[in-house]
Amino acid sequence: MLDAPKCIGVTDKEDNALIGKELGSVCSDMIVASGSLSEIAAGNGLYKVVGTRVKASKKGTKPKTQACCYARIALQFAAAGKTFKSAGGEMARMKYRLWFEQRDVIKNGLKVDKQTVVRRGFSAD
């Protein structure tokens, strides 16, 4: 089960929606799942950072893998208004991360099992 990546918020509601929705979909192809569908569905899939040799698997149990991974990205912030857009701006370096999280499965108020969830998110570099 994949959750949508979460990002930092901004004061403008339109920009916040744009960053939260668009940035996650733009970056989703940077870390791809490989392996069979049954492994991925069970949370035991192998994830690869495109363009590198870095691979991640649950708890780093597969050979030559680690428990989490990230791809470096950069965002350019520029001034923009209703009638103008600045050509320049500040660059912010960030990491697009993937990690595995254990969640308890609760039925009728009792902890029955644990489920592995693949999480994606952003952090400052």
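Anything mentioned here points back to the structure above.
Report follows, based on the coordinates. None of these values were measured; they are calculated from a predicted model. (Residues numbered from 1 in each chain as written. Predicted model: local features only at pLDDT ≥ 70, side-chain atom pairs only at ≥ 80, totals over all residues. Heavy atoms only, no water.)

### With respect to the sheet that holds strand β4 (residues 68–77)
Here we have 3 strands laid out as an open sheet, ordered β4-β5-β6, and antiparallel in their pairing. Lying at the two open borders of the sheet, with one neighbouring strand each, are β4 and β6 (110–124). Averaged over all adjacent pairs, the angle separating strand axes in this sheet is 20°, with direction ignored. In this structure, β4 lies alongside strand β5 (residues 90–107), joined through 10 bridges in antiparallel fashion. By the bridge assignment, cysteine 69 is partnered in β5 with leucine 98. (Pairing = 2+ DSSP bridges. Helix = DSSP H or I, 4+ residues; strand = E, 2+ residues; numbered from the N terminus. Axes fitted to C-alpha atoms, helices over the stretch in contact; angles between N-to-C directions.)

### What to know about the sheet that holds strand β3 (residues 55–56)
The 3 strands lie next to each other as β1-β2-β3, forming an open sheet whose pairing is antiparallel. Strands at the two margins of the open sheet, each flanked by one partner only, are β1 (31–34) and β3. Pairing analysis gives 2 bridges linking strand β2 (residues 46–49) to β3, with the strands arranged antiparallel. From the neighbouring strand, lysine 48 faces β3, where its bridge partner is lysine 55.

### Digging into the state of the cysteines
Taken as a whole and assessed by the stated rule, the structure comprises 0 disulfides. Between cysteine 68, a free cysteine, and cysteine 69, which holds the nearest cysteine sulfur, the sulfur-to-sulfur gap is 7.1 Å. (Disulfide = S-S within 2.5 Å.)

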